[in-house]
Amino acid sequence: MPADKNNILLTLIYKGEYHPISTYTNEYSSLMTLISARLAIPGFGLCCGMGSCGTCLVTIGNKYTSISRPVLACEIRVDDELSNTQITIPEPRY
Ligand code: FES
């Protein structure tokens with residue numbers, strides 16, 4: 001990690017398994033590329049971030065509340081706003 005970057009800790013949840021992730025601002029071009037690189041889920045992010053396939057739909061919440069919101073991961077930047085979040089990736093439907 002470059003010395004001038006803040007560490008971002010988040011958790012990916014996929015198939016009931018929790019994956020703690022450490023990254024830093026803009027290590028990845030989007031949350032979709034981070035998930036693709038770290039979990040290699042087949043069929044995830046099919047349109048490569050064009051916002052048209054919907055395969056990167058995830059929910060973002062945190063461990064302190066039950067509130068979560070659905071987002072397209074390809075539209076989410078990797079920055080401090082993702083710190084301490086829990087990102088749930090649904091299982092593919094195909
Ligand atoms: S990668 Fe296709 S909508 Fe996000």
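Preceding block: the structure.
Residues numbered from 1 in each chain as written. Predicted model: local features only at pLDDT ≥ 70, side-chain atom pairs only at ≥ 80, totals over all residues. Heavy atoms only, no water.

Visitor: In this structure, what is going on with unusual backbone geometry? I would like to understand it.
Guide: The bulk of non-glycine residues show a negative phi, and the bulk of peptide bonds are trans. Look at A40: it is not a glycine, yet its phi comes out positive at around 50°. Position of A40 relative to the elements: it lies in the loop between α1 (31–39) and β3 (57–62). Overall, A40 belongs to the exposed group, its relative accessible area being 58%. Non-glycine residue N84 carries a positive phi angle of around 65°. Structurally, the position occupied by N84 is in the loop between β4 (68–72) and β5 (85–89). The class for N84 is partly exposed, based on a relative accessible area of 44%. (Helix = DSSP H or I, 4+ residues; strand = E, 2+ residues; numbered from the N terminus. Buried < 20%, exposed > 50% of the residue type's maximum accessible area, 1.4 Å probe, protein only.)

Visitor: Looking at this structure, how should I read α1?
Guide: Along an α-helix, a turn takes 3.6 residues, which lines up residues three or four apart on a common side. Inspection of α1 places L31, M32, L34, I35 and L39 among the buried residues, and these make up the whole buried set. When α1 is viewed along its axis, its buried side chains cluster within an angular range of 160° and face the same direction. Those residues of α1 that are buried are in contact with β1 (7–14), β2 (17–24), β3 and β5. The N-terminus of α1 is capped by S30, whose side-chain oxygen sits 3.2 Å from the backbone nitrogen of M32. (Arc of directions from axis to C-beta. Contact = heavy atoms within 4.5 Å. Polar contact = N/O pair within 3.5 Å; in protein donor to acceptor, adjacent residues only side chain to side chain.)

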